[in-house]
Each structure stands twice: as C-alpha cells, then as structure tokens.
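Now for the letters of each chain:
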Amino acid sequence: MSVVAYLGDKTPRELGFGTFRKTERPILSSTVDRVATVPYMHGAYDFGADLGPKPFNIECAFVARNSIQLQERVSTLAAYLLDGFGRPRTMPLIFTAQPDRRYMVRYSGSMPIDRVAGLGPFILPLIAYDPFAYSIYDLSEIDVDSMIMVDMDVPVDLTSTYSVSGPLAIPFTNFGSLNGAPVLEISGSFSNLSITIGGVETTYNTSMLGTLVLDFARKTARVGSTNVLRNTNRRFGALPVGDSIIVVNGSGLNCSLSIGLHAKYA
C-alpha cells in the first residue's frame, strides 16, 4: 500500500510513481528554543519554544517500461511540483494512515534520481512550514449527507449555523488535538456585535448590514473584499480542545452566525 494517499489533487499512481514505508515522517518538528544565558550562571533562562517547519522525506520510485517512459514521468512530476513561474508550489499532503487530515507542503531541497533501465528510485523532499495537520473537512459543511471517514469523532448531526436575535450561548466542540482558529460568517444586520471565544472577546463596533467574515487564523475582518478590521478591537481568541461555549452579544441583532473550523492536530 502507498504511504501517501494524495499529493495535491493527485495520487502518486496518477503521477507515475509509488511511495514506500521507509518514508521519514517525524512525530514533531524540531523546536525553536528561546533561551538566554548569563555569564557565570549555570544553565539558562527558558522563555519557551515554538515548533519549526516539519520536513518529510518521501521514499519513492518510478517504474516504467523503458528509459523514455521514465523520463516522461520524471518531467511530469517536475512540472507538477512547480507553479507557472517555475517556483515550488504549496499543496496538500495526505497520508494513507490518516486520510482525514492534511499538511500543506512544498518541494524543498534537492531530488537526485537513480536511472536504471525503467526503474527510478528517488527521495521526494517536502516541507510543511506550518508544522500542523488540519482536518480536510470544514465542520460547517458536515451534515447527514456528508461523505466522511467512518472513524472520525465528528457527529454528522453537528450544528454550525445559528439564528441570532439576542444574547446567545453556543455549546461547541473542537474535535482536534490543538486549539482551533474558526472562521465566523455573520449574515444580516446588527448595531454592534460581541463574540467571546476561549475567554477572548472580539467586538465589532459599527452597525452593519450584509455579511461579515471574521477569520481567527489570519486575524482579519472583511465585508466582501473590504478590510473592516478597523471596526473591531483586533482581539481574536481560539477554540479550546473539547467542549466550550461561544458567547454572542450585542444590540440590534438580526443575523445568522455560521462557524467554520478545520480541526488542528499535532
């Protein structure tokens, strides 16, 4: 069985090569430690750490009838990894063992190949500069008719759109293993709006009629293509792992609230 289910929107087989189990897939990426040392003091002050990019070295091989077909498949993969300007492009990487989540990766490094008759083994070096995996499903899109993996923890009767005409407390479950950054879409009208997520209150202080999109990952606020971040307090919380309450408040509320979330995993 292939280690990689999808690279971009194609399977390795569609791209003319196979992937194997010796693929390097680290548990976590390397840490970026923030420390300070002081002369004549043992040890160091620890100011915490972040995670660096996550590398993947995918063991692969082309299997072709002859050297001509081998070169055709090499050229196809080379073109697939690049954009129209010849720069490595970012695409989803989905492993067969976890088909419900993806990393966003691009080609990084070098890719020599051994050409022996119609056989071409090589290592495909990919890197995820965001080192975390995300669910391929947006929770706002899941319903009883959704085709989802049978071993996912997400119930198919999940509610993600709510009618808001007054103060509202919304129970919400983040099924990921890390805090999540939702995308909220508020359609309708209000005089002012307050949404508290993970103990952090986000406010919108101007009356609105239309559709407001608050992206908590990018920390943006838009109405259509217009940047309206200046109308907010520029504070964005995160959905804790497991169960929590989203609190909606404000005045003149006559709108609907849709909560989108791609669950985040270590």
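Located above this text is the structure these notes cover.
Anyway, here's the lowdown on the structure attached to this text. (Residues numbered from 1 in each chain as written. Predicted model: local features only at pLDDT ≥ 70, side-chain atom pairs only at ≥ 80, totals over all residues. Heavy atoms only, no water.)

1. Points about the overall build of the protein chain
The test is simple: Counting from the N terminus, the helices are DSSP H or I runs at least four residues long and the strands are E runs at least two residues long. Radius of gyration here uses only the C-alpha atoms, and the compact-globule reference equals 2.2 Å multiplied by the residue count raised to the power 0.38. Should any heavy atoms of two residues lie within 4.5 Å, those residues are considered in contact. Computed by Shrake-Rupley with a 1.4 Å probe, the accessible areas treat only the displayed protein chains as cover when residues are assessed. Here Asp and Glu are counted as negative and Lys and Arg as positive; His is not counted, and neither are the chain ends. Charged side chains are reduced to one point each, which is NZ for Lys, CZ for Arg, CG for Asp and CD for Glu.
The helix and strand inventory of the protein chain stands at one helix and 20 strands. Relative to the compact-globule value of 18 Å for 266 residues, the protein chain shows a C-alpha radius of gyration of 23 Å, a clear excess of over 25%. Taking the principal axes of its C-alpha atoms as reference, the protein chain extends roughly 75 × 65 × 40 Å. The long-range fraction of contacts in the protein chain, counting pairs at least 24 apart against all pairs at least 6 apart in sequence, stands at 64%. Accessible surface computed for the protein chain: about 14,800 Å², of which carbon and sulfur atoms make up 54%. Side chains of the protein chain carry 22 positive and 23 negative charges; the gap between the two charge centres is 8 Å.

2. A short note on the pattern of salt bridges
Short version of the rule: Salt bridge, as used here: a side-chain nitrogen of Lys or Arg that lies within 4 Å of a carboxyl oxygen of Asp or Glu. Burial status follows relative accessibility: with a 1.4 Å probe on protein chains alone, a residue under 20% of its type maximum counts as buried, one over 50% as exposed, and anything between as partly exposed.
Tallied over the entire structure, the rule returns three salt bridges. Close ionic contact of D215 with R218 constitutes a salt bridge, the shortest N to O distance being 3.0 Å. For R218, a relative accessible area of 64% corresponds to the exposed category.

3. Focus on the sheet that holds strand β17 (residues 226-227)
Adjacent strands of a sheet form backbone hydrogen bonds with each other and so pair up, either parallel or antiparallel. Put simply, the rule is: Pairing between two strands requires that DSSP report at least two bridges joining them.
Sheet architecture is open: six strands sit in the order β10-β19-β12-β15-β16-β17, paired in antiparallel fashion. Of all strands in the sheet, those bounded by a partner on one side alone are β10 (161-164) and β17. Of the pairings in the sheet, the one linking strand β16 (residues 220-223) to β17 comprises two bridges and is antiparallel in character. Paired with V223 across the two strands is T226, which belongs to β17.

4. Observations concerning a nonpolar patch on the surface
Selection rule: Only residues whose relative accessible area exceeds 30% and that form no salt bridge enter a patch; like-charged residues are grouped when within 9 Å of one another, and nonpolar side chains (Val, Leu, Ile, Met, Phe, Trp, Tyr) when within 5 Å.
A grouping of I27, L28 and L51 is seen on the molecular surface, where their side chains present a nonpolar patch of about 310 Å² in accessible area. One can find L51 in strand β4 (residues 45-51). Overall, L51 belongs to the partly exposed group, its relative accessible area being 31%.

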